[in-house]
2 protein chains.
Amino acid sequence: MLNVKTPDAVTKIIKAQFKPIDFQVESIPLNAALGRVLHHDIISEEDIPGFNRSMVDGYAVIASDTFGCSESIPAILSVAGEILMGESAESTLSQGTCMIVSTGGEIPDQANAVVMFEHAEDYGKGMIGIQKSVAPGNNIIFKGDDVSVGDIALSAGTKLTPHDIGILSALGITIVDVIKKPVVGIISTGDELVPPTDTPGRGQVRDVNTPMLLAAVSSFGAEAKSFDLIEDDEKAIRKTVMSAVQICDIVLISGGSSAGVRDLTARVIASEGELLLHGIAMKPGKPTIFGKINGKPIFGLPGHPVAAYMVTELFVRPLVEILLGAKVKYYSTTAKLSEALSSNHGREEYIVVRLEEGTAHPVRGKSGLIAGLAGVDGYICVPRDCEGLAKGVEVKVVYF
Amino acid sequence: MLNVKTPDAVTKIIKAQFKPIDFQVESIPLNAALGRVLHHDIISEEDIPGFNRSMVDGYAVIASDTFGCSESIPAILSVAGEILMGESAESTLSQGTCMIVSTGGEIPDQANAVVMFEHAEDYGKGMIGIQKSVAPGNNIIFKGDDVSVGDIALSAGTKLTPHDIGILSALGITIVDVIKKPVVGIISTGDELVPPTDTPGRGQVRDVNTPMLLAAVSSFGAEAKSFDLIEDDEKAIRKTVMSAVQICDIVLISGGSSAGVRDLTARVIASEGELLLHGIAMKPGKPTIFGKINGKPIFGLPGHPVAAYMVTELFVRPLVEILLGAKVKYYSTTAKLSEALSSNHGREEYIVVRLEEGTAHPVRGKSGLIAGLAGVDGYICVPRDCEGLAKGVEVKVVYF
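These remarks concern the structure in this document.

Reading the values: rules and limits
- Residues numbered from 1 in each chain as written.
- Chains lettered and ligands numbered in written order.
- Predicted model: local features only at pLDDT ≥ 70, side-chain atom pairs only at ≥ 80, totals over all residues.
- Heavy atoms only, no water.
- Patch = residues over 30% accessible without salt bridge, like charges linked within 9 Å, V, L, I, M, F, W, Y side chains within 5 Å.
- Areas by Shrake-Rupley, 256 points an atom, 1.4 Å probe, with all protein chains shown as cover.
- Salt bridge = Lys/Arg side-chain N within 4 Å of Asp/Glu carboxyl O.
- Lys, Arg positive; Asp, Glu negative; His and termini not counted.
- Charge placed at Lys NZ, Arg CZ, Asp CG, Glu CD.
- Helix = DSSP H or I, 4+ residues; strand = E, 2+ residues; numbered from the N terminus.
- Contact = heavy atoms within 4.5 Å.
- Least-squares fit on C-alpha atoms with pLDDT ≥ 70 in both.
- Buried < 20%, exposed > 50% of the residue type's maximum accessible area, 1.4 Å probe, protein only.
- Buried area = accessible area lost by both parts, 1.4 Å probe.
- Nonpolar A, V, L, I, M, F, W, Y, C, P; charged D, E, K, R; others polar.
- Core = buried A, V, L, I, M, F, W, Y, C linked by side-chain atoms within 4.5 Å.
- Expected span 1.5 Å × (residues − 1).
- Pairing = 2+ DSSP bridges.
- Axes fitted to C-alpha atoms, helices over the stretch in contact; angles between N-to-C directions.

1. Overview of a negative patch on the surface
Line of reasoning, step 1. Where like charges cluster on the molecular surface, the negative patch consists of Glu82 and Glu87 of chain A together with Asp191, Glu231 and Asp233 of chain B.
Line of reasoning, step 2. With respect to the secondary-structure elements, Asp233 of chain B resides in the loop between strand S16 (223-226) and helix H4 (234-247).

2. As for the side chain of Asn209 of chain A
Line of reasoning, step 1. Along the chain, Asn209 of chain A falls in helix H3 (residues 209-219).
Line of reasoning, step 2. Not counting residues up to four positions away in its chain, the partners in contact with Asn209 of chain A are Ser188, Leu214, Ser254, Pro302, Gly303, Pro305 and Ala308 of chain A.

3. Some points on the relation of the copies chain B and chain A
Line of reasoning, step 1. The transformation that overlays chain B on chain A combines an axial shift of 0.0 Å with a rotation of 180 degrees, and the residual RMSD is 0.1 Å. Interpreted geometrically, this transformation is the action of a two-fold axis. Identified as the residue of chain B closest to the rotation axis by C-alpha distance is Thr333 of chain B, at 2.3 Å.
Line of reasoning, step 2. Residue by residue, 100% of the interface of chain B is reproduced at the interface of chain A, so both copies engage with the same surface.

4. Remarks on the pattern of salt bridges
Residues and elements named next belong to chain A.
Line of reasoning, step 1. Within the structure shown, the criterion is met by 22 salt bridges over all chains.
Line of reasoning, step 2. Across the pair Lys143 and Asp47 runs a salt bridge, and its minimum N-O distance is 3.6 Å. Note that Lys143 is positioned in the loop between strand S10 (140-141) and strand S11 (152-154) and Asp47 in the loop between strand S2 (42-43) and strand S3 (53-54), a separation of 96 residues in sequence.
Line of reasoning, step 3. The partner of Glu349 in a salt bridge is Lys283, with the nearest N and O atoms 3.9 Å apart. Of this pair, Glu349 sits in strand S23 (residues 348-356) while Lys283 sits in strand S19 (residues 282-283), and the two are 66 residues apart along the sequence.
Line of reasoning, step 4. What makes Lys283 partly exposed here is its relative accessible area of 36%.
Line of reasoning, step 5. Look at the salt bridges and you will find they share partners, linking Glu234, Arg238, Arg267 and Glu272 into a network.

5. Examining the interface of chain B and chain A
Line of reasoning, step 1. Across the boundary between the two partners, chain B contributes 79 residues, which contact 79 residues of chain A.
Line of reasoning, step 2. Counting the surface lost from both chain B and chain A, the interface buries some 6,400 Å², and carbon and sulfur atoms represent 59% of this.
Line of reasoning, step 3. The interface formed by chain B and chain A includes eight salt bridges.
Line of reasoning, step 4. Put simply, Arg202 of chain B and Asp109 of chain A hold a salt bridge, and the shortest N to O gap is 3.4 Å.
Line of reasoning, step 5. Elements with a minimum of two residues in the side of chain B that touches chain A: strand S10 (140-141), strand S11 (152-154), helix H2 (162-170), strand S15 (205-206), helix H3 (209-219), strand S22 (332-337) and strand S23 (348-356) of chain B.
Line of reasoning, step 6. Looking at side-chain class alone, the side of chain B that touches chain A contains 38 nonpolar, 23 polar and 18 charged residues.

6. Considering the nonpolar core
Line of reasoning, step 1. In this structure, Leu160 of chain A together with Leu252, Phe290, Phe299 and Phe315 of chain B are the most contacted members of the largest nonpolar core, which totals 68 residues.
Line of reasoning, step 2. The element contributing the most residues to this core is helix H6 (residues 305-324) of chain B, with 13 residues.
Line of reasoning, step 3. Filtering out sequence-adjacent residues up to four positions away, Phe315 of chain B remains in contact with Pro7, Val10, Thr11, Ile14, Ile280, Met282 and Phe299 of chain B.
Line of reasoning, step 4. Val37, Met282, Phe315 and Ile322 of chain A belong to the second largest nonpolar core, which has 67 residues in total.

7. What to know about helix H4 (residues 234-247) of chain A
All names here are of chain A.
Line of reasoning, step 1. Helix length check: H4 (14 residues) gives 20 Å between terminal C-alpha atoms against 20 Å at 1.5 Å per residue, within 8%.
Line of reasoning, step 2. Turning to H4, its buried residues are Ile237, Thr240, Val241, Met242, Ala244 and Val245.
Line of reasoning, step 3. Close packing links the buried residues of H4 with strand S13 (183-189), strand S17 (250-255), helix H5 (259-272), strand S20 (289-293) and strand S21 (296-301).

8. With respect to a nonpolar patch on the surface
Line of reasoning, step 1. Together, Ile76, Tyr123 and Met127 of chain A make up a nonpolar patch on the protein surface, roughly 260 Å² of accessible area in all.
Line of reasoning, step 2. Inspection of the secondary structure puts Met127 of chain A in strand S9 (residues 127-130).

9. As for the sheet that holds strand S21 (residues 296-301) of chain B
Residue and element names in this part refer to chain B.
Line of reasoning, step 1. Spatial ordering of the open sheet is given by S16-S13-S17-S21-S20-S18, a layout of six strands whose pairing is mixed. Only two strands of the sheet have a single neighbouring strand rather than two, namely S16 and strand S18 (274-278). Each neighbouring strand pair of the sheet contributes to a mean axis angle of 20 degrees, computed without reference to strand direction.
Line of reasoning, step 2. Sheet topology places strand S13 (residues 183-189) next to strand S17 (residues 250-255); six bridges connect them, and they run parallel. The residue of S17 that forms the bridge with Gly185 is Val251.
Line of reasoning, step 3. Strands S13, S16, S17 and S21 of the sheet are contacted by H3, whose axis makes an angle of about 165 degrees with S13.
Line of reasoning, step 4. Across the face of the sheet, helix H5 (residues 259-272) comes into contact with S13, S17, S18, strand S20 (289-293) and S21 while running at roughly 30 degrees to S20.

So yeah, pure geometry; function would need other evidence.
Right, here's the structure in full:
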């Protein structure tokens with residue numbers, strides 16, 4: 001009955017089964033675009049900069065006029081004028097003359113280098129002595145050096161960072177076409193659950209997963225939509241799942257920690273769509289269910305918050321990124337393990353860690369405890385069939 | 001006249017001069033709290049869980065009833081009933097009896113262990129045989145195991161992650177007291193600047209820094225407030241800075257890439273408040289100014305976007321975190337350098353890098369180019385007086 005897969009196999013299934021959701025585009029103002037995903041390549045229609053700019057405060061010159069000069073034998077040039085910031089350099093420059101320019105300002109067409117003020121002496125009466133020669137191109141950013149017409153300045157799938165926002169501003173793109181955020185529906189089931197606003201009676205606990213997963217999927221770039229708590233009842237689960245499938249792109253049902261209740265979720269998925277797996281060979285997270293209904297991915301997550309969080313990080317995050325068509329990198333580091341970890345009996349084990357000065361401190365506890373997650377930085381993976389890890393070995397820590 | 005400091009000295013000045021802004025508190029709903037900073041310690045008023053819970057589906061037992069049993073000599077117990085999920089375990093359990101419990105459900109007070117279904121045989125008629133002994137405490141999460149009354153569940157200054165949101169939900173905290181976001185005013189100056197919506201003429205460029213820094217300071221957890229572009233004019237700078245100081249907690253003035261214009265900003269700060277430094281011995285970012293007016297920190301950032309970004313990342317981000325009283329960690333990794341870097345002549349040099357499979361690719365170019373920032377992951381620092389770094393050496397990459 002059970003159809004248990006390894007984490008790698010689950011990742012392959014997710015990649016094979018789901019594609020970007022029609023790349024639905026949304027046009028938004030640049031100041032709301034941080035963290036959003038570019039819909040298409042940004043091809044520059046302009047040269048940036050649009051003119052030859054000086055990189056320093058100094059004298060725009062014809063480089064050959066300075067060849068061979070030195071402090072003892074300066075090259076004498078006459079100052080033909082000054083180009084103010086923001087002004088076009090329409091005046092001409094002829095051999096033997098120079099113009100005063102500022103950092104970032106335009107240089108005259110005929111000039112091909114800039115001499116810094118420090119390397120020239122002002123003799124007064126419009127005459128200066130250049131004490132250090134410059135080669136053509138020195139201290140100039142040429143038209144199109146930064147971006148040329150036709151360049152791909154940013155490619156489709158880029159998750160926009162502050163510097164990307166800077167690049168878009170430079171190109172004059174103030175309305176950006178981004179991919180619509182996928183909507184992730186979050187459903188918690190459990191006869192023992194009460195909303196976080198309530199005081200639980202004996203035998204009851206507050207629903208942790210809905211608010212936690214809401215925050216998690218928002219941080220992945222999705223739009224989170226929560227549903228009311230439902231009881232462990234097949235009819236109720238079916239009704240809520242089917243209405244969630246109508247309005248969401250991904251549905252997460254968490255809860256049902258007992259085997260009987262997990263079966264309800266599996267049964268609903270199997271009867272309304274296709275059950276792709278029933279169990280993942282990992283710890284925590286084993287009782288995870290995954291399938292699809294009307295082509296929409298549905299996760300049955302474990303009820304234990306730590307397990308639900310880990311499965312969401314490992315599988316829901318990449319799925320959100322697939323639906324967004326986003327190119328993202330996962331950041332990691334290596335650290336020394338602060339204590340030995342015992343063998344894990346054939347299942348990949350994911351252990352959250354706190355990092356302190358290059359040391360990874362595993363945070364462990366009984367299944368379901370959430371307080372231990374305070375202050376954790378990422379997780380390590382202990383491979384299947386690993387006989388345990390010794391204290392002090394180097395481990396790869398993936399940041400949350 | 002110049003008062004140039006090393007980056008370390010600048011960090012010390014920032015830490016010495018500025019304190020959290022009166023810890024102004026704001027009460028917000030939990031679903032808006034991701035990334036916000038906790039105002040005070042969260043001390044639990046409850047035990048979590050509030051009752052002894054089973055970690056498995058099975059039989060709640062008095063452990064001593066199972067001692068010495070085995071598959072060949074099972075311990076025979078009578079099933080006194082079942083505790084359903086969400087129900088209180090008010091029924092009593094006496095020696096020689098057991099009760100059916102579900103994962104996460106309450107166990108009877110007298111029970112002190114749970115035997116998994118797999119380790120018992122159902123003989124029917126309410127009798128079972130336990131085939132594996134359990135020790136007291138086995139398969140139970142005790143009342144208060146996760147968080148006990150009086151525990152500090154989360155401490156003041158925590159920047160809330162999805163799992164922290166989970167911890168708050170578990171405690172029933174649905175309105176959270178967080179620190180008010182500091183307001184960062186962003187001013188760009190420059191006679192050559194036009195708004196990103198405009199098409200620049202010759203000699204003009206679009207303002208990149210305002211939108212870029214707006215996104216950057218928002219990502220640090222501050223509220224960004226932008227001002228209209230101003231010209232390189234002391235009176236205009238003075239007027240805008242003084243009105244920004246009234247309504248902002250930090251003011252960033254970027255632009256003024258030429259020495260003369262930088263002096264205008266320095267003069268405004270010196271005359272209206274105190275100029276703390278005029279230049280940082282780093283590359284890029286040397287022409288940075290820092291001071292305070294009416295106790296408010298003011299940065300004069302370089303006009304070059306890359307330099308402005310780096311200075312903002314290195315000094316404005318920690319200042320925002322100081323004003324928030326936030327405890328944050330900077331994530332880094334080590335990577336092999338893809339190419340040799342030459343010496344940097346006595347200034348710390350910060351070079352942005354792209355990471356690919358453990359290799360750090362430095363992104364360099366002429367000062368002021370921004371297109372190269374597309375896709376960078378973090379930066380490396382080449383120390384002062386370093387004679388250069390060889391290809392293949394290990395470098396520390398700090399993630400953006």
